[in-house]
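Architecture at a glance
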Amino acid sequence: MNKYKNYCKNLFTISKKSSIVSKVLNLKTLYERNDETMIKVGIIGATGYAGNELVRLLLGHSEAQIEWFGSRSYIDQKYADIYRNVFQLVDAKCMDDNMEELADRVDVIFTATPQGLCASLVNDKILSKVKIVDLSADFRLKNVDVYEQWYKIEHKSPQYIDEAVYGLCEINRNKITKDTRIVANPGCYTTCSILTIYPLVKEGIIDPDSIIIDAKSGTSGAGRGAKVANLFCEVNESMKAYGVGTHRHTPEIEEQLGYAAGKDIKLIFTPHLVPMNRGILVTSYADLKKDVTYEDVKAAYDKYYKDEYFVRVLDKDVCPETRWVEGSNYVDVNFKIEPRTNRIIMMGALDNLVKGAAGQAVQNMNLLFGLPENTGLKQVPMFP
Ligand SMILES: NC(=O)C1=CN([C@@H]2O[C@H](COP(=O)(O)OP(=O)(O)OC[C@H]3O[C@@H](n4cnc5c(N)ncnc54)[C@H](OP(=O)(O)O)[C@@H]3O)[C@@H](O)[C@H]2O)C=CC1
Ligand SMILES: CC(=O)N[C@@H](CCC(=O)OP(=O)(O)O)C(=O)O
């Protein structure tokens, strides 16, 4: 971490010349902090896309330092040789994904690994020492049968499902406390879909059983692992639906919107792969249950999101676009009433690797450790 500290020190020197930079990055605090007071972080799966995004965000976090860059395939290789975006910022080598050893060395473990891995590693001893923020789906669904049916794998730790908190901070923040041991970080499509639709279900404005979600994702959503379907020529200049009628995010969205509706619901969710690196765009449709005006619906969104730092309800008739949230933890949402069909169109956009994965995971870590929720997450979206 010495290079990282030098990096911070250099940034601090630069920042003295600019009070604005200093204020935004809070570098003075960063430089002066004693290591013992920092949150020590381990990342299992640091070499994946979500893992690398965690590294990027945590390097700019004033209260956390990464102790463990976990990997399966790159053990003993320098992390910065794999991801050169952190060249000269990270000196560390990748380490074996050993959760038992890691639990003795850190305060929080992020598991940015394939479905099933976190559930296969976690145990009572580990949970007595460390908090887990799992970016996979292992602890998102409360019914283990539903998990096994949609994921087609056996759940190895069903005993922890009940206590895991679904970490959609804007809705569940009161449940994410210093006593929480496992946070199930929501998925990218699900975060965008739920936040886009939630206020209108909660307020009884739409019929929740009529919801149809049409979602698009950039290819980083599929991870870094080599797959023919994700090769440049397979993805570029083309778009396709996939997982039609069978996508594993369907029950996750149904469960969470079902809590908002106060009953079980069924909906249609169709994801699409589009030729861009990052971004989720959700366009969803539902039947209106009552006569509403623009102002009524806007008031419903404002009721839930007016004070939310990361949810931006756009101005009338402005449609969310992935480019305006890229690299940030923001979710942009908006809606349009369609009086001819008595339906409403609800739209949302986020960056799948930030609010859809690593950013939300850091937001959850902030809540677990009693920090302001936006600590380390104030990045302005980048454009172009
Ligand atoms: N990509 C995205 O937009 C989002 C991803 N997620 C979730 O985050 C998790 C990671 O996704 P993503 O980063 O895209 O995936 P990647 O395929 O890019 O990365 C997977 C990571 O897991 C490690 N890994 C794979 N298999 C094993 C294993 N058997 N044991 C230990 N480590 C293993 C890999 O290590 P190595 O490379 O060293 O082999 C790699 O670091 C998934 O659960 C995904 O569903 C959630 C929201 C959005
Ligand atoms: C484009 C693409 O393949 N996206 C992935 C979803 C992203 C992801 O990793 O899933 P979670 O958000 O549940 O963790 C998929 O469809 O399975």
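Looking at an unreviewed UniProt entry, one finds the protein named N-acetyl-gamma-glutamyl-phosphate reductase and attributed to [Bacteroides] pectinophilus ATCC 43243. The UniProt entry for the protein carries the following text under Catalytic activity (unreviewed entry): "N-acetyl-L-glutamate 5-semialdehyde + phosphate + NADP(+) = N-acetyl-L-glutamyl 5-phosphate + NADPH + H(+)". Per its UniProt entry, the protein bears the Subcellular location (unreviewed entry) comment "Cytoplasm".

Looking at the UniProt feature "domain: Semialdehyde dehydrogenase NAD-binding" (unreviewed entry) in the protein
Here, the residues flagged by UniProt with the feature "domain: Semialdehyde dehydrogenase NAD-binding" (unreviewed entry) are residues 40-179. When the span residues 40-179 is considered, its composition is 32% helix and 18% strand, and the gap between its end C-alpha atoms is 17 Å.

Some words on the site of ligand 2
Near ligand 2 the following residues occur: S136, A137, G187, C188, Y189, S217, G221, A222, G243, H249, P271 and L273. Elements with a minimum of two residues in the shell around ligand 2: α11 (188-202) and β10 (268-273). Of the residues assigned to the shell around ligand 2, the class counts are six nonpolar, six polar and no charged.

Describing the packing of helix α4 (residues 49-59) against helix α15 (residues 354-368)
Contact pair α4 / α15: the axes reach a minimum separation of 9 Å and the direction vectors enclose 50 degrees. By the angle between their directions, the pair α4 and α15 is classed as oblique. Taken as a pair, α4 and α15 cross one another with a handedness that is right-handed. Residues A50, E53, L54, L57 and L58 of α4 touch α15, and the partners they reach there are V354, A357, A358, G359, A361 and V362. Residue composition of the contact of α4 with α15, grouped by class: nine nonpolar, one polar and one charged.

Some words on the domain arrangement of the protein
One can read the domain layout of the protein as domain 1 (2-186 + 356-368) and domain 2 (189-351). Relative to domain 2, the C-alpha centre of domain 1 lies at a distance of 26 Å. Counting residues at the interface gives 18 residues for domain 1 and 20 residues for domain 2. When residues of the side of domain 1 that touches domain 2 are traced back to their parent elements, those giving at least two are α9 (144-151), α10 (169-172) and α15. For the side of domain 1 that touches domain 2, the leading source of residues is α15, giving four residues.

Some remarks on the site of ligand 1
Every one of the 29 residues lining ligand 1 counts as a neighbour, but G45, G48, S73, S136 and G223 are closest to it. Those elements that place two or more of their residues in the shell around ligand 1 are α4 and α15. Top element by residues in the shell around ligand 1 is α4. It accounts for three residues. Grouping the amino acids of the shell around ligand 1 by side-chain chemistry returns ten nonpolar, 16 polar and three charged.

Reading guide: rules and limits
- Residues numbered from 1 in each chain as written.
- Chains lettered and ligands numbered in written order.
- Predicted model: local features only at pLDDT ≥ 70, side-chain atom pairs only at ≥ 80, totals over all residues.
- UniProt positions renumbered as here; feature names shortened; annotations may be inferred.
- Helix = DSSP H or I, 4+ residues; strand = E, 2+ residues; numbered from the N terminus.
- Near = placed C-beta within 6 Å.
- Nonpolar A, V, L, I, M, F, W, Y, C, P; charged D, E, K, R; others polar.
- Axes fitted to C-alpha atoms, helices over the stretch in contact; angles between N-to-C directions.
- Parallel < 35°, antiparallel > 145°, perpendicular 65-115°, else oblique.
- Left-handed = near helix turned anticlockwise from the far one by under 90°.
- Contact = placed C-beta atoms within 7 Å.
- Domains from an automatic or database assignment.

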